[in-house]
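Overview (structure and organization)
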Amino acid sequence: MAIYDDMLEITSPGPLPDLLSFEDLGTGRSEIRNRVLAPIFKDMKLIEAWGSGIQKIKTELNDYPEIDLVLQEPGHAFQVQFVKKERDGAESGQSQGRVRAESGPSGGRARAESKESSSQSAAKVEAVPQPESIKEKILLELALEPLSKAEISVKLGLKGVPGHIGRAIRELLSDGQIEFTIPEKPNSRLQKYRLTGERKKDVQTE
């Protein structure tokens, strides 16, 4: 946890589970990462319901219109930021309640060092590779062999596992273009991805 003049930032190691997207956050949907501990915590009433945390945060923030909620995946982590809007009423880069997903270094550390102008922020967003081109590159690599997230990032010349790689993989899974090599354990540390049978046929005919 980090506290700055204009922001409270909470960072948790590890990105979102592959079956959970940013669009699912706050809808009540949940993916259990540890299937042993989660039921125990629920029985002990340490947690009251699956998938209720983000909903509660958004509800509570209705009483604080001067605070923006930002959710993002900086590298191989999940991050929640509570950002104070500018005094003149202009927003600090996001609209109220908007969920933003981006890759790259923590916005909090950059914010602590200096305030980025809106033009610099726009340039940073534009620097993120376009989704379709990323998906195409991932498919090309998986056409050769099954790969893990980390291995895909290495093949693409990236450091760590940026957030946009995780999102592209989730979308390809949802579209039925790729599949798990260990489907019975989606969150296994040994998990890799491969082309589905239909996608393999498409690649062979291209």
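Notes on the structure follow.

Within the protein, the secondary structure is distributed over eight helices and six strands. Counting from the amino terminus, helix and strand elements in the protein follow one another as β-β-α-α-β-β-α-α-α-α-α-β-β-α. Put simply, of all contacts in the protein between residues at least 6 apart along the chain, 56% involve residues at least 24 apart. Of the roughly 12,600 Å² that the protein leaves accessible, carbon and sulfur atoms contribute 53%.

Attention now goes to the nonpolar core. The biggest cluster of nonpolar side chains holds 16 residues, and the ones touching the most others in it are I138, L142, I152, I169, I178 and Y193. Contributing elements (two or more residues each) for this core: α5 (131–142), α7 (163–174), β5 (178–180) and β6 (193–195). Here this core gets five residues from one element, more than from any other, and that element is α7.

So, about a nonpolar patch on the surface. Together, V36, L37, I40, F41, M44 and L46 give the surface a local cluster of nonpolar side chains, amounting to about 570 Å² of exposed area. Along the chain, M44 turns up in the loop between α1 (37–43) and α2 (53–61). The exposure class assigned to M44 is exposed, which follows from its relative accessible area of 53%.

Before going further, it helps to examine the pairing of strand β3 (residues 67–72). Counting buried positions along β3 yields six of six residues, so the element is predominantly enclosed. Pairing analysis gives six bridges linking β3 to strand β4 (residues 77–84), with the strands arranged antiparallel. Following the sheet pairing, L71 is matched in β4 by V80. Counted along the chain from β3 to the antiparallel partner β4, the turn is four residues long, and its residue G75 has a positive phi close to 70 degrees.

Sheet architecture is open: four strands sit in the order β1-β2-β4-β3, paired in antiparallel fashion. The strands lining the two open edges of the sheet, one partner per strand, are β1 (2–3) and β3. Summarising the sheet, strand β2 (residues 7–13) and β4 pair through seven bridges and their orientation is antiparallel. Pairing of P13 across the sheet is with A77, part of β4.

Reading guide: rules and limits
- Residues numbered from 1 in each chain as written.
- Predicted model: local features only at pLDDT ≥ 70, side-chain atom pairs only at ≥ 80, totals over all residues.
- Heavy atoms only, no water.
- Helix = DSSP H or I, 4+ residues; strand = E, 2+ residues; numbered from the N terminus.
- Contact = heavy atoms within 4.5 Å.
- Areas by Shrake-Rupley, 256 points an atom, 1.4 Å probe, with all protein chains shown as cover.
- Core = buried A, V, L, I, M, F, W, Y, C linked by side-chain atoms within 4.5 Å.
- Buried < 20%, exposed > 50% of the residue type's maximum accessible area, 1.4 Å probe, protein only.
- Patch = residues over 30% accessible without salt bridge, like charges linked within 9 Å, V, L, I, M, F, W, Y side chains within 5 Å.
- Salt bridge = Lys/Arg side-chain N within 4 Å of Asp/Glu carboxyl O.
- Pairing = 2+ DSSP bridges.

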